Amino acid sequence: MCSYSSLIAAFLYIDRLRLRGLKGFQLTTFTFRRLLATALVISSKYLDDDPLSNRCFSKAADVPLEILNVLELHMLRELNFDLKITPKEFALYESRIFAEAMQSNDLSALHLKVMLAEKGVINRRDIAVAACDGVSTSGYF
């Protein structure tokens, strides 16, 4: 299972890469799916007791396993293998992600909110875990 903490950490790792100003780094629909899958692999292995395999993430994100494996190593190198997150950083990203999701007019975010409301999910921890566990993730990756 992908934990709540892993989901928040994945977005934080992607933002660390973005803030580094890497040459050629672009967030597009195509690259974001791969970046998120890669960041989730890394954060899950770092934070979760029983992380999903790369194969599971590969299938969920529709990214070939060989490519995901290469991206994982590349991302770790770009992060200088520094995966530490302070409690302050975690709280900051958690609040930003939650606020953005709740204010988004994006149809996929709206779809997620409707689905979660139908399931009676009401707090941010449940929202992140439900999204990470695949409450119909088609359209999100």
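Here the structure is a predicted model, which means the values were calculated and not measured. Along each chain, the written sequence defines residue order, and numbers are assigned to residues from 1. Local features in a predicted model are, by the rule used here, given only for residues with pLDDT of at least 70; side-chain atom pairs are given and counted only at 80 or more, and totals for whole chains, interfaces and linings are based on all residues. Only heavy atoms go into the side-chain values, all of them from the structure, while hydrogens and water stay out.

Partly exposed describes any residue whose relative accessible area lies between the buried limit of under 20% and the exposed limit of over 50%, with all areas from a 1.4 Å probe on protein chains only and scaled to the type maximum. Helix numbering and strand numbering both begin at the N terminus, where a helix is a DSSP run of H or I of at least 4 residues and a strand a DSSP run of E of at least 2. Considered for burial, the residues of helix 3 (residues 54-61) that qualify are Asn54, Phe57, Ser58 and Ala61. Viewed along the axis of helix 3, the buried residues span an arc of 105 degrees, placing them on a single side of the element. Where helix 3 is buried, its residues touch helix 2 (29-47) and helix 4 (65-78). Just downstream of helix 3 lies aspartate 62, where phi reads positive at about 55 degrees. Here, the arc refers to the directions that run from the helix axis to the C-beta atoms. Two residues qualify as a contact provided that any one of their heavy atoms is within 4.5 Å of a heavy atom in the partner residue.

Next up on the list: the nonpolar core. By size, the foremost hydrophobic cluster in this structure holds 27 residues, and its most contacted members are Tyr13, Leu40, Ile42, Leu68, Met75, Leu79 and Leu83. Listed by contribution, the elements that provide at least two residues to this core are helix 1 (4-19), helix 2, helix 3, helix 4 and helix 5 (87-103). Residues enter a nonpolar core if they are buried and are Ala, Val, Leu, Ile, Met, Phe, Trp, Tyr or Cys, with the set joined through side-chain atoms within 4.5 Å.

This brings us to the side chain of glutamate 72. Mapped onto the fold, glutamate 72 is located in helix 4. Glutamate 72 sits in the buried class, given a relative accessible area of 12%. Polar contact is the term for a pair of N or O atoms within 3.5 Å; when the atoms are in protein, one must be able to donate a hydrogen and the other to accept it, and sequence-neighboring residues count only if both atoms are side-chain atoms. A polar side-chain atom of glutamate 72 sits 2.9 Å from a polar atom in the side chain of lysine 45.

Stacked, tilted and edge-to-face are the three classes applied to pairs of Phe, Tyr and Trp rings, where Trp contributes its six-membered ring and a pair requires centres within 6.5 Å; stacked means planes under 30 degrees apart, edge-to-face means over 60, and tilted covers the rest. With the rule as written, the count across this model stands at two aromatic pairs. Here tyrosine 4 and phenylalanine 90 contribute two aromatic rings whose centre-to-centre distance is 6.2 Å and whose plane-to-plane angle is 70 degrees, an arrangement assigned as edge-to-face. Linking tyrosine 4 in helix 1 with phenylalanine 90 in helix 5, this pair joins segments that are 86 residues apart in sequence. Each member of the pair, tyrosine 4 as well as phenylalanine 90, carries the same accessibility label: buried. Whether a charge sits over a ring depends on NZ of Lys or CZ of Arg being within 6 Å of the ring centre and within 35 degrees of the ring normal. Residue placement shows arginine 96 over the ring face of tyrosine 93; its charged tip is 5.5 Å from the ring centre.

Moving on, we get to the confidence of the model for the protein. Confidence of the prediction at every residue is given by pLDDT, a number between 0 and 100. Mean pLDDT over the protein works out to 77, with 71% of the residues at or above the 70 mark. Averaged pLDDT values for the elements of the protein fall to 48 in helix 7 (residues 124-132) and rise to 95 in helix 4. Considering only residues more than four positions removed or in separate chains, one finds that residues 120-141, a stretch of pLDDT under 50, has 38 contacts.

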